[in-house]
Structure formats: C-alpha cells, structure tokens
Amino acid sequence: MIKDIPQIKFSPKDTENFGFEIVPIEKIKQFKKQQNNHDSELPHQLKFYNFIYFTHGTGKHFIDFKWYPVKENTLVYLAKEQINAFDFSTNLKGYCIVFTEEYFVKSFSNVSNNFAFRLFNPQLFSPILQLPKDADFHTYFNLLKKERNLKLLNQKIIVELLFIILISKAEQIKQHQTHNIKDSSKIVFFQKFNSLIEKELHKSRSAEYYAKELAITYKHLNSICKEFVNKTAKNVIDDFVILQAKRNLINSTIKSNELAYKLGFDDPTNFTKYFKKHTGLTPNMFVKSVLNT
C-alpha cells in the first residue's frame, strides 16, 4: 500500500502563540531523530505558510516536485498546500518563518489584493528569491527574531508590523529581479482567471470557456497570460490541472478514478493519457518516483 505523504500542521511551541513562529532549520533537522516525527527530508504537504530564510551554506530544496538550488541569503516562498522537502546533506543553515492562513490574512488585510496575490503565486514568480548581501531584509529579520522571543508589552503588534515590513522589503527586491507588472487591470483578470480555474475545473479545461466566463475574448485572455507567464491560457490551465493531480496523487485516500472525475475527466483512462502526455509518467509511476525522492 502506498504511504500517504504527511500533511504538516502548524504546531506552536508555546500556548501563548498567536499564529506566527520562527523555527531554526537545525531544530527541524533534529525532528527526524525523534520518535514518531516525520522526516523533513521526505516530501510533505504544508498546512500553513512558510518563508525559509537560508543564512549559511549551499544546497537544494524540494518545492512542488522540483529541486531548486539554494544558498546563503536565499529566501524561499512556500504557500499553504505546497509540497516541500529539505536536504540536510549539506551545511545549510537558516530559519523557517511559519504562520497560519489566519495570521496571513490579518497581517495583510490593509494591503492591496494584488500584493497578496503576487506574494505566493508560483506562476508569476519563482518561489526562490536571492537577497543581496547588503539588503535591509537581514536587519529587519534580526529585529523580528529578537522581538518574537521577547514577552513584552504590545509584542504581537510589534511582531506583526516588523513582519509586514520584512516581506515588503523582500517584495521590493523581487520587483528589481523579476518582470514588474504595471497594468493592475490585467493583474485582476489574471487573478480572476486563476480563481475561476480552481472553482470551475470540474466543468471545463477549455480556455474559451474561461474567457467567456470572464467576459473577455479568448485572444485577450491569451495575451494576458503570455505577458505575465509567457504561456497560453491553455498552458496555464494544463499546469494547474497537473499540479492539482500531483498533489492529490501523493495521498492514497483518493482513488485514481475519483481524481479523474474531480479534475473534469469523463473517463479515468483519458486522465491517465493526459497526465502521461504532460509529465512523461503514468500516475502510478509518478507516485513511486516521489516516494523514492
């Protein structure tokens, strides 16, 4: 029987936790030595948000079925439901800045929807951000780490404000290292397109269907996708389908035919053919490859 990939929930170290924690990577490395704890070097699914800030060394990190190179001053963006795994074979050191969805929504309630959408969107941006050595980010992180460990008046407010500043500093750096999207109306359409795919996927995988639902032409939707991610609207849909399929397949609680219908396929055989066309593997072959990662 295939073993499910663990779903890791937010587990605060103290009862006074308010949905935010900073955990040294060294501590995570020690978890696998403790009885009944998941080995963090094996793929696992997050049920919270996580920024991994590597401060020393070089190595790699597994994110949604792909290994990414990381090194000193690398910041990794991990959203809730993403799959990840560490590699402790090298001298990597750093911290995990973990927080719940509730904390994320509360902290960024006063920023634009575009900012929140861009923050954890792997289609728009790489989950890896290389921080310059002289970036203000490092200073603010040290302040945040210090304040998080103090049990003083207004700690929650101070931590939340420093956290917002820290992530804003990272986003400023990201703007200089990636394509800067200036037309906010196009961002709105791309965001609606992604949300609609998630909601209507069981009904259709046709780009024309989504263009009609968005009340824009297929050509316009295609041009938006090409501008943002250099892909057609159909490519964006296919990428989403394959990612959802992979995330579901690693948990044996759902049967292959059930997953096929969930993703909008009338016949499980068609789903298998579709999956193999886009990945080069059958669903069973994919599961075995991940479990042997």
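Throughout what follows, the structure given in this document is the object of discussion. Each chain carries its own residue numbering, running from 1 in the written order of its sequence. In keeping with the model being predicted, local features are shown solely for residues with a pLDDT of at least 70 and side-chain atom pairs are shown and tallied solely at 80 or more, while totals for entire chains, interfaces and linings include all residues. Each side-chain value is worked out from all heavy atoms of the structure, with water and hydrogens disregarded.

### Notes on the overall build of the chain
Within the chain, the regular secondary structure consists of twelve helices and ten strands. Burial classification: accessible surface area is computed with a 1.4 Å probe over protein chains only, and a residue below 20% of its type maximum counts as buried, one above 50% as exposed, and the rest as partly exposed. Within the chain, buried positions represent 46% of all 293 residues. Residue contacts are defined here by distance: any two heavy atoms, one from each residue, within 4.5 Å place the two residues in contact. In the chain, the proportion of contacts linking residues at least 24 apart, taken out of those at least 6 apart, comes to 71%. Just so you have it, the chain exposes about 15,600 Å², and 51% of that area is on carbon and sulfur atoms. Helix and strand definitions follow DSSP, with helices as H or I runs of at least four residues and strands as E runs of at least two, each counted in order from the N terminus. Method for areas: the Shrake-Rupley scheme with a 1.4 Å probe, in which residue coverage is limited to the protein chains shown.

### Structural notes on the pattern of salt bridges
The rule for a salt bridge is simple: a side-chain nitrogen of Lys or Arg has to be within 4 Å of a carboxyl oxygen of Asp or Glu. On inspection of all chains with the given rule, the structure shows eleven salt bridges. A salt bridge links Lys 169 to Asp 136, with the nearest nitrogen and oxygen atoms 3.4 Å apart. Linking Lys 169 in helix H5 (residues 155-177) with Asp 136 in helix H4 (residues 136-148), this pair joins segments that are 33 residues apart in sequence. With a closest N to O distance of 3.0 Å, Glu 171 and Lys 174 form a salt bridge.

### So, the sheet that holds strand E8 (residues 83-85)
At least two bridges found by DSSP between two strands are what make those strands a pair. In spatial order, the strands read E1-E3-E8-E5-E6; together these five strands make up an open sheet with mixed pairing. Of all strands in the sheet, those bounded by a partner on one side alone are strand E1 (7-8) and strand E6 (66-71). Sheet topology note: the strand E5 (residues 58-63)/E8 ladder contains two bridges and is antiparallel. Residue Ile 63 lies in a different strand from E8, and its bridge partner there is Asn 84.

### Quick notes on the side chain of Gln 82
With respect to the element layout, Gln 82 can be found in the loop between strand E7 (74-78) and E8. Overall, the relative accessible area of 5% leaves Gln 82 in the buried class. Each polar contact in these results corresponds to two N or O atoms within 3.5 Å; when the atoms are within protein, one needs to be able to donate a hydrogen and the other to accept it, and residues that are neighboring in sequence are counted only if both atoms are side-chain atoms. Within the structure, Gln 82 has its side chain in polar contact with the side chain of Asp 64 (distance 2.9 Å). Beyond its immediate stretch of four places on either side in the chain, Gln 82 contacts His 44, Gln 45, Leu 46, Ile 63, Asp 64, Tyr 77, Pro 122 and Arg 247.

### What to know about the sheet that holds strand E4 (residues 49-56)
One open sheet holds the five strands; their spatial order is E2-E9-E4-E7-E10, and the pairing between them is antiparallel. The open sheet has two free edges, formed respectively by strand E2 (20-24) and strand E10 (128-130), since each of these has just one partner strand. For this sheet, the mean angle separating the axes of adjacent strands, direction not counted, is 20°. Where E4 meets strand E9 (residues 93-99), seven bridges bridge the pair, whose relative direction is antiparallel. The residue bridging His 56 from the neighbouring strand is Lys 93, located in E9. An axis is simply a line fitted to the C-alpha atoms; with a helix, the fit covers only the stretch in contact. Between two such axes, the angle follows the N-to-C directions and lies from 0 to 180 degrees. Its contacts with the sheet put H4 on E2, E4, E7 and E9, and the angle it makes with E2 is roughly 105°.

### What about unusual backbone geometry?
Most peptide bonds are trans, and most residues other than glycine sit at a negative phi. At Phe 65, a position not held by glycine, the phi torsion is positive, near 75°. Tracing the sequence through the fold places Phe 65 in the loop between E5 and E6. Residue classification places Phe 65 among the buried residues on the basis of a relative accessible area of 15%.

By themselves, these observations are geometric and do not establish any function.
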